[in-house]
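Inside the fold
Single-letter residue listing:
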Amino acid sequence: MKFFIDSADIGEIREALAMGMCDGVTTNPSLVAKTGKTFQTVIDEIVHTVPGPVSLEVTTNSYDEMLAQSEELASYGDNVVVKLPLTRPGLRACKALSEKSIATNVTLCFSPNQALLAAKAGATYISPFVGRLDDISSEGMAVVEDIVQIYNNYDMETQVLVASVRHPQHLVEAARLGAHVATLPLKVLDQMFNHPLTDSGLERFMADWEKVPTS
Ligand code: E4P
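Residues numbered from 1 in each chain as written. Predicted model: local features only at pLDDT ≥ 70, side-chain atom pairs only at ≥ 80, totals over all residues. Heavy atoms only, no water.

1. Looking at the pairing of strand E1 (residues 2-6)
Buried residues dominate E1, accounting for 4 of its 5 residues. Two elements, E1 and strand E8 (residues 181-184), share 4 bridges in a ladder whose sense is parallel. Its bridge partner lying in E8, Phe3 is registered against Ala182. Judged from the 3 bridges that link them, E1 and strand E2 (residues 24-26) form a sheet pairing that is parallel. Among the inter-strand pairings, Asp6 is bridged to a residue of E2, identified as Thr26. In this fold, E1 hands off to helix H1 (residues 10-18), which returns the chain to E2; that crossover is right-handed. (Buried < 20%, exposed > 50% of the residue type's maximum accessible area, 1.4 Å probe, protein only. Helix = DSSP H or I, 4+ residues; strand = E, 2+ residues; numbered from the N terminus. Pairing = 2+ DSSP bridges. Right-handed = clockwise from strand over helix to strand, strands pointing away.)

2. Observations regarding the nonpolar core
Residues Ile46, Ile126, Val160 and Val162 are the most contacted members of the largest nonpolar core, which totals 61 residues. Counting residues per element, this core draws most heavily on helix H8 (residues 140-153), which supplies 6 residues. Not counting residues up to four positions away in its chain, the partners in contact with Val160 are Ile126, Pro128, Val144, Ile147, Val148, Tyr151, Ala179, His180 and Val181. Tyr125, Phe129, Leu161 and Ala163 belong to the second largest nonpolar core, which has 7 residues in total. (Core = buried A, V, L, I, M, F, W, Y, C linked by side-chain atoms within 4.5 Å. Contact = heavy atoms within 4.5 Å.)

3. Let's talk about the pattern of salt bridges
Should the charged atoms of two oppositely charged side chains come close, the side chains can pair. This model, assessed by the stated rule, comprises 7 salt bridges. One salt bridge connects Glu99 with Lys95, and the closest N-O pair in it is separated by 2.7 Å. Taken as a pair, Glu99 and Lys95 lie in helix H5 (residues 88-99) at a separation of 4 residues, close to a single helical turn. Residue Lys95 is classed as partly exposed on the basis of its relative accessible area of 45%. Salt-bridge contacts for Glu173 lead to Arg176; the nearest nitrogen and oxygen are separated by 3.0 Å. Of this pair, Glu173 and Arg176 both sit in helix H9 (residues 168-177), 3 residues apart, roughly one helical turn. You can call Glu173 partly exposed: its relative accessible area is 22%. Of the residues examined, Arg176 reaches a relative accessible area of 57% and is grouped as exposed. (Salt bridge = Lys/Arg side-chain N within 4 Å of Asp/Glu carboxyl O.)

So, in structure tokens, the structure goes:
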């Protein structure tokens, strides 16, 4: 299973890379705005630092503008993945980009039907937003389960990228269902390391080590 880091903050991304936990990065307009930097600065910082795929999102819902933006984004590096919204123009652009072998990540997916459309349009990744579904009392992981099963039924190549991850249990479920990728806020990655029995166990080992005679 691949871990992407869901962030436009180069400090967070470097931290995850150093731990060997960053196979790629996803950004969106909200994450870029949070950095307080220009989009160009964010692109320059991330695209050349991360060896894996970096999703950069278009900021329009017009097909022609999407194509123009996508070409520009793709020109920043071979590892750029163009992130497109799951709309009619978005999927039309997805089809056009897949015909040019430009990698795509179809975002804002909230249903298995939408995911099926994205796969038919040739998406490299589909991003179901589990946290936002949970927020409205839907079951985000049930959507992921359906998508994984549907894609498996037809050997579809589109990879399931679980997005809008809010807590470590989302990761457990995503991995159990066989999702190809999960994109994690650094906070969730940090939480995954924690277990109180690890802390207390380490404390006991350290204390007992002090009792071992040195001669
Ligand atoms: C990533 O590709 C998505 O844009 C992101 O995971 C959305 O997360 P949020 O619902 O916490 O904003």
